[in-house]
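Summary of structural features
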Amino acid sequence: MKGKKIITTSGIEIKEVYCEPSAMNELPGEFPFTRGIQADMYRGKPWTMRQYAGFSTAEESNKRYHYLLSQGTMGLSVAFDLPTQIGYDSDHELAEGEVGKVGVAIDSLADIELLFSGIQLKDISTSMTINATAPILLAMYVALAKKQGADLKQLNGTIQNDILKEYAARGTYIFPPSPSMRLITDVFEYCSKEVPKWNTISISGYHIREAGSTAVQELAFTLANGKAYLQAAISKGLEINVFAKRLSFFFNCHNNFFEEIAKFRAARRMWAKITKELGATDAVAQKLRFHTQTGGSTLTAQQPMNNIVRVTTQALAAVLGGTQSLHTNGYDEALSLPTEAAAKIALRTQQIIAFESGATDTVDPLAGSFFIEQLTDELEIAANQYIQRIDAMGGAVKAIELDYIQQEIARSAYEYQKEIENSDRVIVGVNKFDEPEPSAKNLFRVDDAIRNTQISKLKRLKAERDNGTVKKSLAQLKAAAQNNLNLMPYILTAVENYATLGEIADNLRSVFGEY
C-alpha cells in the first residue's frame, strides 16, 4: 500500500526512501564549498555564538552586553529601535511610541559611547542589524574605535546594510533604490581601504523568510540580491576578488530539519558558481560565509516553553549546515523582548550543541546521505529557476520594482497560514495538543518614559557640542551627496562632531528624496 505524500515547506516531495548513490566527491574547503568553507570546520574552532540584544537606552543595553559576555557569548549582535533604523532622532514626532522598543535608541556618537562602555571594540566581533542608516552607524562604531585607540585594520564585525530585502520584505528603507545602492557601494569601497576585515554587507534571507517565504524562495531571492550587489560594485569599478571577500549572508533556520541543512549546503554551492561567473578567481571571494538566526516566526505565544525545543532543533540544523555564527532566540520572544533567563537558556543551547552533542567532531557529518544530497540538488534546481526568472526581468532591483518578489512571498505566506488554519500543518500547542493556559507573567517591557530620557540627552548634546562645526560638516556632506563622491568620510566627520543620526539622514533626504 502506497504511503501518503509528504512535501517540504517549499513543496519538494520527500520520497519514502532514498537509494540512489550520490555522485558527489567534493571535499570541505574546496570549490564549490557544498561541504563547508573550511577544511576542518568546527574542529578548528566553533562558530561564533552571538546573542542579538538591544533595547531601551544605550545604558540598559550595555548592561545586557556585559552580562552576555560574562556568560560566554563570543560576539555581540546589536538590535536598533525603529526610529534609528529609519533615520529619525528620538525627539522626532514620528518616533513617539517606538523609542527603545524593538532595539536600542541611538541618536549620536554619545549613545554609541554609552552602548559599548567598558567594552574594547578591538577585542570583540560586533554585528549590527541596520540597513538604511548602516553607513551612519558604521561611522559611529569606527569613530568610537578610533577614540579607543583601536587599529582600524583589525576591527572585526558586520553591518547588515542590505537594502534590497527592505524593499522586498521588511520596509525600513529611506531613500530610493539608486542612491541606496550608491551608499552600499560607498561602504564597500571605504571599508576595503580603511577597515579591511569588516564585513560590509550581510545579505539577508532572514527577513525574507520571516515575511512568509519558503526555504527555496529565501535561497533564491537572497542570492539574487547578492548578485545585484556584486554587479553594482563591479559597475563602480571595484575589484570582485577584493570586495567579495567581505560579503556575508544572514539566513533563517526553520523547523524542517533536513530541508534547512540542505538549504545551507545549496547556498554555498550556488554562490560559488555565481561569483565565479562574475569573474571571481580567488577562492576566498567565492566562499559564502553566513550567520544564522533561529526562526522568530516559528515561535509560539502558546506553550512558550515548547520554543526551547524548536530553537534547539533549528540551531542543530544550522550547525550541521555549516554556519559561521549563530543566534538562538529566547523562548519568550513571541510574547516580549527576551528576559535575561530566556537569553541564558538560548546561549546554553548553543554551548551544549558545541561541547556535548558530538555534532562538531567531523566536517559535514550528513554528507553522502542519499536524502540530504538529493534534497540539496533539488533546492538548488528550484532556486535557480527563480533566479533565472529574476535575471530575465533585469535583476533583483527590477524584480522588486515590478513587485514580483513581494507577490511571491505574500502568496507563500498566505498558503502557509491556510495550512495552519485548516490543520493541514500541525503546530504543537496551537492547532494540536493545545490546552488552556494562564496569562503569561514576568514579561520584559520597555518603559515609554525612556523617550523623555533620550530627548533630554539630545538637548544636552546640542547645547554642549560645537554647533558651528556640526553645521559645516553637514554642509560638506550635502555637497558630497550632490556630487559623485564617496560619502563615508563625510559621514564619519559629521559623526565625530556629534551630528545626530537624524540630522545626517535629513541631510541626505534633502538630496536623495524618500522612497
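Look up a bit, the structure's there.
Residues numbered from 1 in each chain as written. Predicted model: local features only at pLDDT ≥ 70, side-chain atom pairs only at ≥ 80, totals over all residues. Heavy atoms only, no water.

1. Comments concerning the overall build of the protein chain
Looking only at helices and strands, one finds 20 helices and eleven strands in the protein chain. The C-alpha atoms of the protein chain give 23 Å as radius of gyration, which agrees with the globular expectation for 515 residues (24 Å, within 12%). With 515 residues in all, the protein chain has 56% of them scored as buried. Working note: accessible area of the protein chain is about 21,100 Å², and carbon and sulfur atoms make up 51% of it. (Helix = DSSP H or I, 4+ residues; strand = E, 2+ residues; numbered from the N terminus. Rg over C-alpha atoms; globule rule 2.2 N^0.38 Å. Buried < 20%, exposed > 50% of the residue type's maximum accessible area, 1.4 Å probe, protein only. Areas by Shrake-Rupley, 256 points an atom, 1.4 Å probe, with all protein chains shown as cover.)

2. Here's the deal with the packing of aromatic side chains
Evaluation of the coordinates by the stated rule reveals 19 aromatic pairs. Here the aromatic rings of F31 and F33 are separated by 6.1 Å at their centres, their planes lie at 75°, and the arrangement is edge-to-face. Residue class for F31 comes out partly exposed when judged on its relative accessible area of 34%. The buried category is assigned to F33, whose relative accessible area is 1%. Summarising the aromatic geometry, the rings of F221 and Y386 are spaced 5.2 Å apart at their centres and angled 75° between planes, so their arrangement reads as edge-to-face. Linking F221 in helix 8 (residues 215-235) with Y386 in helix 14 (residues 370-393), this pair joins segments that are 165 residues apart in sequence. We classify F221 as buried; its relative accessible area is 0%. (Phe/Tyr/Trp six-rings, centres within 6.5 Å; stacked < 30°, edge-to-face > 60°.)

3. Some details on helix 13 (residues 340-356)
Between its terminal C-alpha atoms helix 13 stretches 23 Å, which fits the 24 Å expected from 17 residues at 1.5 Å a residue. For helix 13, the full list of buried residues reads A342, A343, A346, L347, T349, Q350, Q351, I353 and A354. Directly beyond the C-terminal end of helix 13, a positive phi value near 85° is found at G358. (Expected span 1.5 Å × (residues − 1).)

4. Structural notes on the environment of G171
Tracing the backbone shows G171 in the loop between helix 5 (164-170) and helix 6 (177-194). We classify G171 as partly exposed; its relative accessible area is 38%.

5. Observations regarding helix 4 (residues 134-147)
For helix 4, which comprises 14 residues, the first-to-last C-alpha distance of 20 Å matches the rise-based estimate of 20 Å (1.5 Å per residue) to within 8%. Across the 14 residues that make up helix 4, a large majority, twelve, are buried. G149 lies just past helix 4 and shows a positive phi near 80°.

6. Details of the pairing of strand 8 (residues 201-204)
Residues of strand 8 alternate between two faces, with I201 and I203 on one and S202 and S204 on the opposite face, all of them buried. Pairing analysis gives four bridges linking strand 8 to strand 9 (residues 247-253), with the strands arranged parallel. Counted as the bridge partner of I203 is F249 from strand 9. (Pairing = 2+ DSSP bridges.)

7. Thoughts on the side chain of D81
Within the secondary structure, D81 is located in the loop between strand 4 (75-79) and helix 2 (82-85). Put simply, D81 is tucked away with no salt bridge, and the nearest opposite charge, on R451, sits 8.7 Å away. At 2.8 Å, the side chain of D81 and the backbone nitrogen of G100 are in polar contact. Not counting chain neighbours up to four residues away, the residues in contact with D81 comprise E98, V99, G100, K101, V102, G103, V104 and A105. (Lys, Arg positive; Asp, Glu negative; His and termini not counted. Salt bridge = Lys/Arg side-chain N within 4 Å of Asp/Glu carboxyl O. Polar contact = N/O pair within 3.5 Å; in protein donor to acceptor, adjacent residues only side chain to side chain. Contact = heavy atoms within 4.5 Å.)

Fair warning: the whole summary comes from geometry, so function is off the table for now.
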